[in-house]
Amino acid sequence: MVYDRNNIFARILRAEIPCKKVYENEFVLAFYDINPLKKHHVLVIPRGEYVSFDDFTTRAPAQIQAEFYAAIQKVAADLGLDKTGYRLISNHGSDGGQEVPHYHVHILGGEKVGEMTA
Ligand code: AMP
């Protein structure tokens, strides 16, 4: 799948549209979901151009992948969710319900997250 440079997360990365930033470093950006499903609903995205989980894990260098998952852990811990628990979700493709074609992981927590699927 070809990466769409005009997808909404690409535009957030370029600061063309605002976001409620939680954390950033040279590898990732984390921000609150615009339509939060739980008290804490944060999206973590790599800065690189990766469409999906599949694209990221097959193409991104090992260090980039390691930094990405380390950042998810840090964001969850900084929010205190490591103590109470949280859920990570990554929707992939059409059947997975992926809406934005820039790889991202949802962090959901701050309250009981509920059933695994709807
Ligand atoms: P997914 O279905 O996994 O692709 O999820 C995309 C998520 O991006 C949804 O939960 C949306 O609410 C969220 N979203 C869409 N536009 C924005 C935006 N401008 N800022 C923050 N979150 C957004």
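Summarised in this report is the structure supplied together with it. (Residues numbered from 1 in each chain as written. Predicted model: local features only at pLDDT ≥ 70, side-chain atom pairs only at ≥ 80, totals over all residues. Heavy atoms only, no water.)

## Describing the pairing of strand β2 (residues 28-32)
Working note: regular strand, side chains alternate between the two faces of the sheet. The line we're drawing: Throughout this description, buried means an accessible area under 20% of the type-specific maximum (1.4 Å probe, protein chains only), exposed means over 50%, and partly exposed covers the range between. Helix and strand labels come from DSSP, where a helix needs a run of H or I of at least four residues and a strand needs a run of E of at least two; each type is numbered from the N terminus. When DSSP finds two or more bridges between a pair of strands, those strands are recorded as paired.
Within β2, 4 of the 5 residues are buried, leaving the element largely enclosed by the surrounding structure. Sheet topology places strand β1 (residues 21-24) next to β2; 3 bridges connect them, and they run antiparallel. Residue Lys 21 lies in a different strand from β2, and its bridge partner there is Phe 31. Relative to strand β3 (residues 40-46), β2 runs antiparallel, the two sharing 5 bridges. Residue pairing in the sheet places Tyr 32 in a bridge with Val 42 of β3.

## Looking at the site of the ligand
What counts is decided by this rule: Here, proximity means that at least one heavy atom of the residue falls within 4 Å of the molecule or strand. Two N or O atoms count as a polar contact when they lie within 3.5 Å, although within protein this holds only if one can serve as hydrogen donor and the other as acceptor, and sequence-adjacent residues are included solely when both atoms are side-chain atoms. In short, Shrake-Rupley with a 1.4 Å probe defines the accessible areas, and a residue's cover is counted only from the protein chains shown. With a 1 Å grid laid over protein atoms only, a set of points is called a cavity when a 1.4 Å probe fits there but cannot get out and a pocket when it is open yet has protein on both sides within 12 Å along at least five of seven lines; lining residues have an atom within 4 Å of a point. Any molecule with more than half of its atoms within 2 Å of a cavity's or pocket's grid points is regarded as sitting in that cavity or pocket. Any residue that is not Ala, Val, Leu, Ile, Met, Phe, Trp, Tyr, Cys, Pro, Asp, Glu, Lys or Arg is counted as polar, Gly included; the first ten are nonpolar and the last four charged.
The full set close to the ligand counts 16 residues, and Asp 33, Asn 91, Glu 99, His 104 and His 106 are the nearest of them. Side-chain polar atom of His 106 to an oxygen atom of the ligand: 2.8 Å apart, as the coordinates give it. The protein chains hide 86% of the 510 Å² of surface that the ligand would expose on its own. Structurally, the ligand is housed in the largest pocket. Looking at the shell around the ligand, the elements that each hand over two or more residues are α1 (8-13) and β2. A per-class count over the shell around the ligand returns 8 nonpolar, 6 polar and 2 charged.

## Thoughts on helix α3 (residues 62-78)
Applicable threshold: A helix is expected to reach a length of 1.5 Å times the quantity of its residues less one. Within this analysis, the arc is defined by the directions that extend from the helix axis to the C-beta atoms.
Compared with an ideal rise of 1.5 Å per residue, which puts 17 residues at 24 Å, α3 spans 24 Å between its outermost C-alpha atoms and is within 8% of the ideal. Those residues of α3 not exposed but buried are Gln 65, Phe 68, Ala 71, Ile 72, Val 75 and Ala 76. Buried positions in α3, seen along its axis, are confined to an arc of 130 degrees and lie on one side of it. Pointing more than 90 degrees away from the buried face of α3 are the exposed residues Ala 62 and Asp 78.

## Some remarks on the nonpolar core
Stated precisely, the cut-off is as follows: Here, nonpolar core means buried Ala, Val, Leu, Ile, Met, Phe, Trp, Tyr and Cys residues that are tied together by side-chain atoms lying within 4.5 Å of each other.
Counting residues in each nonpolar core, the largest one holds 17 residues, and the members touching the most others are Val 44, Phe 68 and Ile 107. Secondary-structure elements contributing two or more residues to this core are β2, β3, α3 and β5 (105-109). Ranked by residues supplied to this core, first place goes to α3 with 5 residues. Core analysis: the next-biggest nonpolar cluster, separate from the first, contains 7 residues, Ile 12, Leu 29, Ile 45 and Val 100 among them.

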